[in-house]
Amino acid sequence: INAEYMGEWSVAEQLSTEATNRFPEVNRVVMQVGPPPSQSRPQFKVIKQYCEKDPLDFLRKIDDICTTFLYRHGLYEGIWQMPVVLLPLCIDGEEEIKRVVVLRPVNSSEAMTANFAQIPSNLLTELWNEVKDMGVGAILYDVTHKPPGTIEWE
């Protein structure tokens, strides 16, 4: 879902539900959080990525920033879980590698079902501004309920 819909949670939920119900091979729907729609739409490129020290250190750093962000804005206790995912994608055309991360904030009471949590768009813009100069080329926001999506990304 394009960044132009960021914060329009009912639209994101409707599009996500329609896509996952209509196409059984689709089990994830994401919304672009950053860069904002006023900038050019990023073109993603698949890269080789392994469970090695550098990508894992990068992921830990971004995860820590996101967790600190949740605490700073009083959101940590209101979100059941928020995995941060490092995709094997980068922004095409950049001189240095700009990685793509996914936020998966969910609310659940028993883990059998979960709904994506709705973080205010102004706060997501703030988070984007915090990480964009740290090697993050795009933030995607998972707007898939469970089921069909799982809470974690495998």
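Refer to the structure printed above.
Residues numbered from 1 in each chain as written. Predicted model: local features only at pLDDT ≥ 70, side-chain atom pairs only at ≥ 80, totals over all residues. Heavy atoms only, no water.

## Some points on the packing of aromatic side chains
- Applying the stated criterion to the full structure yields three aromatic pairs.
- Each ring, one from Trp 9 and one from Phe 116, has its centre 5.8 Å from the other, and the planes form 50°; the classification is tilted. Taken as a pair, Trp 9 in helix α1 (residues 9–22) and Phe 116 in strand β6 (residues 115–116) lie far apart in primary sequence, 107 residues in all.
- Owing to a relative accessible area of 4%, Phe 116 belongs among the buried residues under this scheme.
- Measuring from ring centre to ring centre gives 4.0 Å for Tyr 71 and Tyr 76, while their planes differ by 15°; the resulting arrangement is stacked.
- The class of Tyr 76 is partly exposed, set by a relative accessible area of 34%. (Phe/Tyr/Trp six-rings, centres within 6.5 Å; stacked < 30°, edge-to-face > 60°. Helix = DSSP H or I, 4+ residues; strand = E, 2+ residues; numbered from the N terminus. Buried < 20%, exposed > 50% of the residue type's maximum accessible area, 1.4 Å probe, protein only.)

## Section: the side chain of Lys 98
- Turning to its location among the elements, Lys 98 is positioned in the loop between β3 (84–91) and β4 (99–103).
- Given a relative accessible area of 15%, Lys 98 falls into the buried group.
- Side-chain polar atoms of Lys 98 contact the backbone oxygen of Lys 132, separated by 3.5 Å.
- Leave out the neighbours within four places in its chain, and Lys 98 touches Leu 89, Cys 90, Ile 91, Lys 132, Gly 135, Val 136 and Gly 137. (Polar contact = N/O pair within 3.5 Å; in protein donor to acceptor, adjacent residues only side chain to side chain. Contact = heavy atoms within 4.5 Å.)

## As for helix α3 (residues 121–131)
- All buried positions along α3 are accounted for by Leu 123, Leu 124, Leu 127, Trp 128 and Val 131. The arc enclosing the buried residues of α3, seen along the axis, measures out at 145°, which places them on a common side.
- Against α1, β1 (30–34), α2 (53–72), β4 and β7 (136–142) lie the buried residues of α3. (Arc of directions from axis to C-beta.)

In short, shape yes, function no, at least from these values alone.
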